[in-house]
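Coordinates in review
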Amino acid sequence: MSDRIHSLGGYIHEYQKSVQDPETFWASIADSFHWQKKWDKLVEWNFDEPKVEWFKNAKLNITENVLDRHLYTRGDQAAIIWEPNDPNEEHITLTYKELHAKVCQFANAMKAKGIKKGDRVIIYIPMVPEAAIAMLACARIGAVHSVVFAGFSASALADRINDCEAKMVLTSDGNFRGAKQIPVKAVVDEAVENTPSIETVITLKRTGQEVTMKEGRDIWWHDAIDGVSTENKAEAMDAEDMLFILYTSGSTGKPKGVVHTCGGYMVYTYYSFKNVFQYNQGDVYWCTADVGWITGHSYIVYGPLLAGATSIMFEGVPTFPDAGRFWQVCDKHQVNQFYTAPTAIRALQAFGTEPIEPYKLDSLKVLGSVGEPINEEAWHWYHDHVGKGRCPIVDTWWQTETGGILISPLAGVTPTKPAYATLPLPGIQPVILDNEGNELKGNSVEGNLCIKFPWPSMLRTTYGDHERCRQTYFSSFAGHYFTGDGVKRDEDGYYRILGRVDDVINVSGHRMGTAEVENAINEHPMVVESAVVGYPHDIKGQGIYAYVICDMEGRSEESLQNEIKQTVTKIIGPIAKPDKLQIVPGLPKTRSGKIMRRILRKIASGDASNLGDISTLLNPEVVEAIKEGAQ
Ligand code: WT7
């Protein structure tokens, strides 16, 4: 197909075409899909409301492009290879034909339970093939899926269910993860006590652990599909109908539901997958992300399957049974493209090269990185020891909101540079703005990363609150989408992401709002006030540092610290638990009562030497006390 770029010259040519005439550019890519009806207008947009529409009035079903389209050409090829947590358990291969049948069957089962086009369905399923089957089955019947990472707590799950008023939850009894067996259904049970919209819970048997099933609400997955037809006629969806909602954290306390739509998301995830990873037919591709995050949506399920790829889905963790597990799986399945997160690379780097040595890793052609800036040391380790110096690394920058990779090398086609995401994909028009909104043109500039032209897979709204979408992404810099990231364009024109410029921290590639963690901390009855900041962490990239004012009432600091951390785990989940928690007598505040986070960030980073002018603070004396008690 003509939509794969093969050379640097080809990239430059395609990029120019995409900017000069976006409509012709995207139409030629979209033409290769199966549309039930073609579009009247390719794109219509304004970034003020904002309102963005791609492939206007076109009709399609994304699953016809993910599944049906491949049945004659590669029906017997593996679509998904599932590798279980325990290396001694058999892996499962689902061909395109088998996946098609399972998706259609589960789609029918959901329909039989009253789910119809437009209904929201929550997927709280760990990394088993049924998570992908569930997503595609929703898309098949036009239900809107919202996958919630199966590590979130019951209260975080309930908030998401209530925000989108979902009718159904799909889940599993439990989850095998490393040496642990984690309850999953029990979390759902607790969540749905406070979610009036939920009518049905369908539970997959995975671990066999005991669960409670409530009459009239609960049904087993295997019972739901028993005797159900494996044929299903795909629902006709408008290109701008919702495909899914995915909740993500921002600078306010409440996660927001990022909305992606059918047509544009399909075209862009396919195009970016093919070009960034330079996927060839027959290759085996593995992305280690969880389906609970956007990376799992776009680059385990939709992008690869749209491209007719073989996509590996891995249930386990990088260090179980030992730190060689990733490499064992690479050799076992002869993986060609491997896509993971810097935090995993750093964690494995800490074990040295010994766990890699037993493996050949000679099938690898491309290595990918996503989620946070990859530091040079980790980049080189990945390049030299995993890629043996012969695999290009694609450092892919993107966000839940962008739906797909926006800035990244194209493997082996465009240059790489350690710690740089390098160049925008065709169709993506990044600009760097200073704080006043002036565009910084030319090279060797640094500022706020914005995008000035729409791309097909950009978010359309935040569910149920369009004003919040406008406020968050389109109001800081008029006429631009604002990413929240700082960026540098170096002397050669390559982009290097510098990290968030807002109150969002990136912990192991997972986005956390500081306000969200503070809200959770404040739920503890003895907490008076708290402030959360990020600090540099060797493995996680950023760690969570919480400063907390407490009513001690004779309690020991240690027991309170533990209790407060537990509160956060309970309200959000273990991923939000503070790494460090300092009980302080006060928080540094300006005369208008605003917490001076700059000071707290410096102290958290272990550098309290030059805090700047603190004399204008309302309470300069607390700074000394905080410095003394710093961890
Ligand atoms: C934020 C988005 C994209 C899927 C995973 C995270 C940071 C992401 C990179 C990268 C530097 C990166 C940014 C971005 N980020 N990729 N290659 N280099 N930073 O998705 O949870 O929506 O987080 O992750 O800060 O804004 P997300």
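Residues numbered from 1 in each chain as written. Predicted model: local features only at pLDDT ≥ 70, side-chain atom pairs only at ≥ 80, totals over all residues. Heavy atoms only, no water.

Observations concerning the overall build of the protein chain
Check the secondary structure of the protein chain and you find 19 helices and 30 strands. For 631 residues, the compact-globule estimate of 2.2 N^0.38 gives 25 Å, and the C-alpha radius of gyration of the protein chain, at 24 Å, lies within 12% of that figure. Overall size of the protein chain, expressed as C-alpha extent along the three principal axes, is 75 × 65 × 55 Å. Within the span of the protein chain, comprising 631 residues, buried residues form 62% of the whole. In the protein chain, 71% of the contacts between residues at least 6 apart in sequence involve partners at least 24 apart. Of the charged side chains in the protein chain, 63 are positive and 80 negative, and the gap between their average positions amounts to 3 Å. (Helix = DSSP H or I, 4+ residues; strand = E, 2+ residues; numbered from the N terminus. Rg over C-alpha atoms; globule rule 2.2 N^0.38 Å. Buried < 20%, exposed > 50% of the residue type's maximum accessible area, 1.4 Å probe, protein only. Contact = heavy atoms within 4.5 Å. Lys, Arg positive; Asp, Glu negative; His and termini not counted. Charge placed at Lys NZ, Arg CZ, Asp CG, Glu CD.)

What about the site of the ligand?
What surrounds the ligand is a group of 17 residues, the closest being Asp395, Thr396, Thr400, Asp485 and Arg511. Gln399 places a side-chain nitrogen or oxygen 2.9 Å from an oxygen atom of the ligand. A distance of 3.4 Å separates an oxygen atom of the ligand from a polar atom in the side chain of Asn506. Look at the ligand: alone it shows 550 Å² of surface, and the protein chains cover 95% of it. Partitioning the shell around the ligand into residue classes produces six nonpolar, six polar and five charged. (Near = heavy atom within 4 Å. Polar contact = N/O pair within 3.5 Å; in protein donor to acceptor, adjacent residues only side chain to side chain. Areas by Shrake-Rupley, 256 points an atom, 1.4 Å probe, with all protein chains shown as cover. Nonpolar A, V, L, I, M, F, W, Y, C, P; charged D, E, K, R; others polar.)

Section: the pairing of strand 15 (residues 256–261)
Of all the six residues making up strand 15, six are buried; the element is thus mostly covered by neighbouring parts of the structure. Direction of pairing for strand 14 (residues 242–248) relative to strand 15: antiparallel, over a ladder of six bridges. Residue Leu246 lies in a different strand from strand 15, and its bridge partner there is Val258. In this structure, strand 15 lies alongside strand 23 (residues 461–462), joined through two bridges in antiparallel fashion. From the neighbouring strand, Val259 faces strand 23, where its bridge partner is Thr461. (Pairing = 2+ DSSP bridges.)

Re helix 12 (residues 325–333)
Most of helix 12 sits out of view: eight of its nine residues are buried. Every buried residue of helix 12 is listed here: Arg325, Phe326, Trp327, Gln328, Val329, Cys330, Asp331 and His333. If you follow the buried residues of helix 12, they end up packed against strand 4 (78–83), strand 16 (284–287), strand 17 (310–314), strand 18 (337–340), helix 13 (342–349) and helix 14 (376–386).

With respect to the packing of helix 6 (residues 129–141) against helix 11 (residues 294–306)
Following both chains from N to C, one finds helix 6 and helix 11 inclined at 60°, their axes separated by 11 Å at the closest point. By the criterion of interaxial angle, the relationship of helix 6 to helix 11 is oblique. Here helix 6 runs over helix 11; the crossing is right-handed. Counting all contacts with helix 6, which are made through Ala132, Met135, Leu136 and Ala139, the residues of helix 11 involved are His297, Val301, Tyr302 and Leu305. Considered class by class, the residues forming the contact of helix 6 with helix 11 number seven nonpolar, one polar and no charged. (Axes fitted to C-alpha atoms, helices over the stretch in contact; angles between N-to-C directions. Parallel < 35°, antiparallel > 145°, perpendicular 65-115°, else oblique. Left-handed = near helix turned anticlockwise from the far one by under 90°.)

Here's the deal with the pattern of salt bridges
On inspection of all chains with the given rule, the structure shows 38 salt bridges. The salt bridge partner of Glu401 is Arg511, with a shortest N-O separation of 2.8 Å. Placement of the pair is Glu401 in the loop between strand 20 (393–396) and strand 21 (430–433) and Arg511 in strand 27 (residues 510–513), with a sequence separation of 110 residues. Side by side, Glu401 and Arg511 carry an identical accessibility label, which is buried. (Salt bridge = Lys/Arg side-chain N within 4 Å of Asp/Glu carboxyl O.)

Some thoughts on the domain arrangement of the protein chain
Note: interface size is frequently given as the accessible area lost on complex formation between the parts. You can read the domains of the protein chain as domain 1 (8–69 + 96–273 + 396–451) and domain 2 (508–630). Using only C-alpha atoms to locate each centre, domain 1 and domain 2 end up separated by 34 Å. Listed by partner, the interface residues are 18 residues for domain 1 and 13 residues for domain 2. Carbon and sulfur atoms supply 43% of the area that domain 1 and domain 2 bury against each other, a total of about 1000 Å² over both sides. Where domain 1 touches domain 2, the interface holds two salt bridges. Joining domain 1 to domain 2, the criterion identifies nine residue pairs in polar contact (both at pLDDT 80 or more). Top element by residues in the side of domain 1 that touches domain 2 is helix 7 (residues 154–164). It accounts for three residues. Here the side of domain 1 that touches domain 2 is composed, by residue class, of four nonpolar, eleven polar and three charged. (Domains from an automatic or database assignment. Buried area = accessible area lost by both parts, 1.4 Å probe.)

Overview of the sheet that holds strand 20
Pairing within the open sheet is mixed, and its seven strands lie in the order 5-4-17-16-18-19-20. Each having just a single partner strand, strand 5 (92–95) and strand 20 make up the two edges of the open sheet. The average angle at which neighbouring strand axes cross in this sheet is 20°, direction not considered.

Examining the packing of helix 2 (residues 22–30) against helix 10 (residues 262–277)
Two elements in contact, helix 2 and helix 10, have axes whose closest approach is 10 Å; the angle formed by their N-to-C orientations is 85°. As judged from the angle between their axes, helix 2 and helix 10 are roughly perpendicular. Between helix 2 and helix 10, the contacting residues are Phe25, Trp26, Ile29 and Ala30 on the first element and Val267, Tyr268 and Tyr271 on the second. The residue inventory of the contact of helix 2 with helix 10, partitioned by class, reads seven nonpolar, no polar and no charged.

Brief notes about empty space enclosed by the protein
Scanning all chains against the criterion turns up two cavities of 30 Å³ or more. In this model, the largest cavity occupies a volume close to 50 Å³. Asp163, Lys254, Pro255, Lys256, Gly257, Thr462, Tyr463, Asp465 and Arg468 are the residues that line the largest cavity. Of the residues that constitute the lining of the largest cavity, the class distribution is two nonpolar, two polar and five charged. Taken as a whole, the second largest cavity spans an internal volume of roughly 40 Å³. Asn61, Ile62, Cys138, Ala139, Gly142, Ala143, Met237, Met242, Leu243 and Cys262 together form the lining of the second largest cavity. Secondary-structure elements contributing two or more residues to the lining of the second largest cavity are helix 6 and strand 14. A breakdown of the residues in the lining of the second largest cavity according to their chemical character gives eight nonpolar, two polar and no charged. (1 Å grid on protein atoms, 1.4 Å probe; cavity = no way out; pocket = protein on both sides within 12 Å on 5 of 7 lines; lining within 4 Å. Points joined across faces, edges and corners; volume = space filled by probe spheres on them.)

Comments concerning the pairing of strand 17
Among the five residues that make up strand 17, five are buried, leaving the element largely enclosed by the rest of the structure. Side chains Thr310, Ile312 and Phe314 project from strand 17 onto one buried face, and the interleaved Ser311 and Met313 project onto a second face that is buried too. Pairing analysis gives four bridges linking strand 4 to strand 17, with the strands arranged parallel. Its bridge partner lying in strand 17, Ile80 is registered against Ser311. Relative to strand 17, strand 16 runs parallel, the two sharing three bridges.

Quick notes on helix 18 (residues 597–604)
Listed as buried for helix 18 are Arg597, Ile599, Leu600, Ile603 and Ala604. In an axial view of helix 18, the angular spread of the buried residues amounts to 155°, which keeps them on one side of the axis. Buried positions along helix 18 lie against helix 16 (514–522), strand 28 (527–537), strand 29 (541–550) and helix 19 (621–629). Gly606 lies just past helix 18 and shows a positive phi near 85°. (Arc of directions from axis to C-beta.)

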